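Coordinate inspection notes
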Amino acid sequence: MTDHTHADTLRTPIVAVLGHVDHGKTSLLDTIRGSAVSEGEAGAITQHIGATDIPLDTISGMAGELIDPSDFDLPGLLFIDTPGHHSFSTLRARGGALADIAVLVVDVNDGFQPQTEEAIDILRRTGTPFVVAANKVDTTPGWNPQDGEPIQRSMEAQSERAKSMLDENLYEIIGQLSDAGFSADLYWRVQDFQKNIGVVPLSALTGEGVPDLLTVLMGLSQRFMKEEMAIDVTGPGEGTVLEVKDERGFGATVDTVVYDGVIRNGDTVVVGGQDEPIVTEVRALLRPRPLAEIRTEKEFEKVGEIGAAAGVKIAAPDLDEAMAGAPVRVVRDRTVDQVVEEVKAELAEIEVETADNGVVVKADTLGSLEAMANALREAEVPILRAEVGDIAPRDIAVAETANQDEHKAILGFNVDLLQNAESDLENADVKLFKNKVIYQLVEDYERYVEEKQRAQQETVLDKVVRPARFRILPDHTFRQNDPAVVGVEVISGTLQNNRNVGFFDGNEFERVGGLSGIQKQGEDVDEARSGERVSIAIDGPTVGRDIEEGDTLWTEVPEKHAKILEQELKEEITADEREALQGYLDTRRKRDPFWGK
Ligand code: GDP
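Residues numbered from 1 in each chain as written. Predicted model: local features only at pLDDT ≥ 70, side-chain atom pairs only at ≥ 80, totals over all residues. Heavy atoms only, no water.

1. Let's talk about the nonpolar core
Judged by nonpolar contacts, the single largest core of 69 residues is most densely connected at Leu28, Phe79, Val103 and Phe130. Discounting residues that sit within four places of it in the chain, Val103 has contacts with Val15, Ala16, Val17, Leu18, Leu28, Val131, Ala133, Leu213 and Leu217. Grouped together as the second largest cluster of nonpolar side chains are 32 residues, Ala363, Ala409, Phe433 and Leu441 included. (Core = buried A, V, L, I, M, F, W, Y, C linked by side-chain atoms within 4.5 Å. Buried < 20%, exposed > 50% of the residue type's maximum accessible area, 1.4 Å probe, protein only. Contact = heavy atoms within 4.5 Å.)

2. A short note on the environment of Pro467
Locating Pro467 in the fold gives a position in the loop between helix 13 (438–463) and strand 27 (468–479). The buried category is assigned to Pro467, whose relative accessible area is 2%. Along the primary structure Pro467 and Gly596 are separated by 129 residues, whereas in three dimensions their C-alpha atoms are 13 Å apart. Contact partners of Pro467, with chain neighbours within four places excluded, come to Ser492, Gly493, Thr494, Val557, Leu565, Glu577, Ala580 and Leu581. (Helix = DSSP H or I, 4+ residues; strand = E, 2+ residues; numbered from the N terminus.)

3. Regarding the packing of helix 10 (residues 366–378) against helix 13
Their axes nearest at 10 Å, the elements helix 10 and helix 13 cross at an angle of 45°. Classified by the angle their axes make, helix 10 and helix 13 are oblique. In this structure, helix 10 crosses over helix 13, and the sense of that crossing is right-handed. In contact with Ser368, Ala371, Met372, Ala375 and Leu376 of helix 10, helix 13 contributes Ile438, Leu441 and Val442. For the contact of helix 10 with helix 13, the class distribution of residues is seven nonpolar, one polar and no charged. (Axes fitted to C-alpha atoms, helices over the stretch in contact; angles between N-to-C directions. Parallel < 35°, antiparallel > 145°, perpendicular 65-115°, else oblique. Left-handed = near helix turned anticlockwise from the far one by under 90°. Nonpolar A, V, L, I, M, F, W, Y, C, P; charged D, E, K, R; others polar.)

4. Overview of the sheet that holds strand 18 (residues 284–288)
With antiparallel pairing, the eight strands of this open sheet are ordered in space as 17-16-22-13-14-21-18-19. Looking at strand neighbours, the two that pair on one side only are strand 17 (278–281) and strand 19 (300–303), the edges of this open sheet. For this sheet, the mean inter-axis angle between neighbouring strands, taken without regard to orientation, is 40°. Taken strand by strand, helix 9 (residues 336–350) contacts strand 16 (268–271), strand 17 and strand 22 (327–330), and its axis lies near 160° from that of strand 22. (Pairing = 2+ DSSP bridges.)

5. Comments concerning unusual backbone geometry
In this structure, Ala309 follows Ala308 across a cis peptide bond, with omega equal to -5°. By the element assignment, Ala309 lies in the loop between strand 20 (305–307) and strand 21 (310–315). Asp482 connects to Pro483 through a cis peptide bond whose omega is -15°. By the secondary structure assignment, Pro483 is in the loop between strand 27 and strand 28 (484–493). Its identity is not glycine, yet Arg332 carries a phi of approximately 35°, on the positive side. Examined against the element boundaries, Arg332 turns out to sit in the loop between strand 22 and helix 9.

Here's what the structure looks like:
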């Protein structure tokens, strides 16, 4: 642990592990912790809340020949225990990433997967240095495992065949990194880690290559982050909320990663809350009990103070409204107002743009809320309201107020539907989408909107009057009137039963009556398509007086329908319907240029 008695000490760099699901993030963290503990010495690791501290001595013990501890003056590495880029994007400090450095885990056989791409985007955006752990080398066919060994030693023990198969997979990953805009190579070939990404082949299962990973992380931090690691360890503590948790005997507590200064018991702190920053006083600082004392019934031990970098549980009144991802600041030598303003300013940076119209977004942390908002902005989906927290009855009520049906939706990232909201959701006309992968959540919603629009067009299409132009055939008058029954040929469009029909007298439309039946080869039908010959019954006219054989007639399309057809459904109707519509509109517009516009 860092010695906190002097000001301006180098703190431990904070490391986050990211990657696609099942590529081995959890296993890698377990292995790093496990092999550190089996290094044997007391104090091989220190368990924090939400993080594990591995001191330089332990790393150097594990890395053996790979490391000369006298090259380093950083005290070790602090690994964040919750892997995944979702927690990574939560982990912010002063608007940037809280993690100083990241490990991107990629399964050597699977290569880049959607969440690998997502993680790379976040690393690029936050400018976080990272190394790639090419995991699961032990699954290479014919692999001869060398537990816990440095990877090059292990590779020497492999058959040519196994080695070349692994190489092929590794170069695939290097190629994918290059496609993503990062020049990369196997870490031992990298001269300048600022320009090139180091790829470390390893196995979380057998531990081979893990010493190399720790060495590279240590080297990278030492070389490029030493200045940022110099902190005033007596300064007012600064941290980020990892999680808000109810704890028996303490009420709501915040699990916090402290990245600067020191937090002391009794300190006044400002914590980012749902509505307003929370000003409160630290009642207890809690750490996990050391393994040796695990038999005592209490899970945590109280400490008087905690300095960066560390994970700690803060118990204080009024923390219920605290938000994961929000800043925590000790007030100390400043005024409360000053610090409240600081916290507000930091939260304002993360604030999500909302509109008068749009969907409701809920996410588990501020960082993921921001990532959701970015993804939705790219997809051009407006947001009505965006908040951190589980889905509550209030959210359903808000979603229901959306003007458009497609916006009556809640997109929940990594959150639950609260029990008391379940029946509200059932009774409301609101669609809920939940997913743990942002792009999938957005895709699910987009697909839903598309389907909804298609369904809407279909119902409109069902109701709209279709245009038709048709001609009364010579010698096909079967009945003079009441109703008139004549044979016709549809020239273009779709002739539907029960429509009004008429003709153009010059540019004036004259209605002659309504269709009351269509027969095709003696059978009643609802409609006749272009080119078909059918007999129709028209209520109203008398053949020989109002209409004649050889006349061209039209279905009367109401102005409103003509407008919808022309402006919204032009792509949905057939070419000959479009032709009939155009002829109809052209004639109508000779008299009134704005007809149907
Ligand atoms: P996460 O979702 O990224 O945290 O992945 P996990 O750590 O849960 O690993 C997913 C699966 O891969 C588990 O069944 C692990 O046992 C397995 N796994 C992880 N690392 C290795 C490895 O190095 N070698 C082999 N053979 N299996 C591994």
